[in-house]
Amino acid sequence: MTDPQLLIRLYQPADEVQVIDLWQRCGLTVPWNDPQQDIQRKVVFQPSLFWVGVIDGRIVGTLMAGYEGRRGWINYLGVAPEYRRIGIGRQWMATAEAALQELGCPKINLQVRSSNTSVIAFYRSLGFTMDEVVSLGKHL
Ligand SMILES: CC(C)(COP(=O)(O)OP(=O)(O)OC[C@H]1O[C@@H](n2cnc3c(N)ncnc32)[C@H](O)[C@@H]1OP(=O)(O)O)[C@@H](O)C(=O)NCCC(=O)NCCS
């Protein structure tokens, strides 16, 4: 059951400090990514796909999505540890899926570290299945 006081709204510049703090508490920051820079890039590219969740004036969740004309992508999905397992993550994903569908997106792809078994369980519970692909990357 989702907390009725959860407000999902678009990211605003004043949210930056709280968002980065949340990402750190969710284990979403890694040494090779600068969270401030990630936010700045998103603010200029598809900012309508970057949401925060607020309860009692505090940011308790974030979700960044993207669409490049073929696939939708999910990044920086995080719910504050003290608000987990009450349906917030599920509600986030419903928001993102609806927004991507509205843009004409036919499929969502996402990457999860294979060791992150609880998050894989979360996505499976939402109907995601494992694609038979090898995920490759290159830093530019
Ligand atoms: C993944 C995450 C966003 C889930 O958020 P949440 O609000 O707790 O998820 P929900 O309450 O909506 O869970 C929906 C369903 O997913 C499954 N699920 C969620 N967390 C789970 C876990 N730790 N283990 C197993 N299943 C889980 C359950 O089936 C759950 O339904 P239930 O509670 O009725 O059993 C949250 O755990 C998180 O922020 N994790 C750390 C950040 C992270 O790794 N993000 C993903 C990067 S790819």
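See above for the structure.
1. As for the pattern of salt bridges
And step 1. Enumeration over the complete set of coordinates arrives at six salt bridges.
And step 2. Among the salt bridges present, the one from glutamate 82 reaches arginine 25, with a minimum N-O distance of 3.2 Å. Note that glutamate 82 is positioned in the loop between strand E4 (72-79) and helix H3 (88-102) and arginine 25 in helix H1 (residues 16-25), a separation of 57 residues in sequence.
And step 3. Using a relative accessible area of 36% as the deciding quantity, one classes arginine 25 as partly exposed.
And step 4. Linking arginine 58 and glutamate 82 is a salt bridge whose minimum nitrogen-to-oxygen distance equals 3.0 Å. Remark: glutamate 82 occurs in the loop between E4 and H3 and arginine 58 occurs in strand E3 (residues 58-67); sequence separation between them is 24 residues.
And step 5. Of the residues examined, arginine 58 reaches a relative accessible area of 37% and is grouped as partly exposed.
And step 6. For glutamate 82, a relative accessible area of 45% gives the class partly exposed.

2. Some points on the side chain of aspartate 15
And step 1. Within the fold, aspartate 15 resides in the loop between strand E1 (7-10) and H1.
And step 2. Excluding its chain neighbours within four sequence positions, the residues that come into contact with aspartate 15 are Arg9, Leu10, Val52 and Ile59.

How each quantity is defined
- Residues numbered from 1 in each chain as written.
- Predicted model: local features only at pLDDT ≥ 70, side-chain atom pairs only at ≥ 80, totals over all residues.
- Heavy atoms only, no water.
- Salt bridge = Lys/Arg side-chain N within 4 Å of Asp/Glu carboxyl O.
- Helix = DSSP H or I, 4+ residues; strand = E, 2+ residues; numbered from the N terminus.
- Buried < 20%, exposed > 50% of the residue type's maximum accessible area, 1.4 Å probe, protein only.
- Contact = heavy atoms within 4.5 Å.

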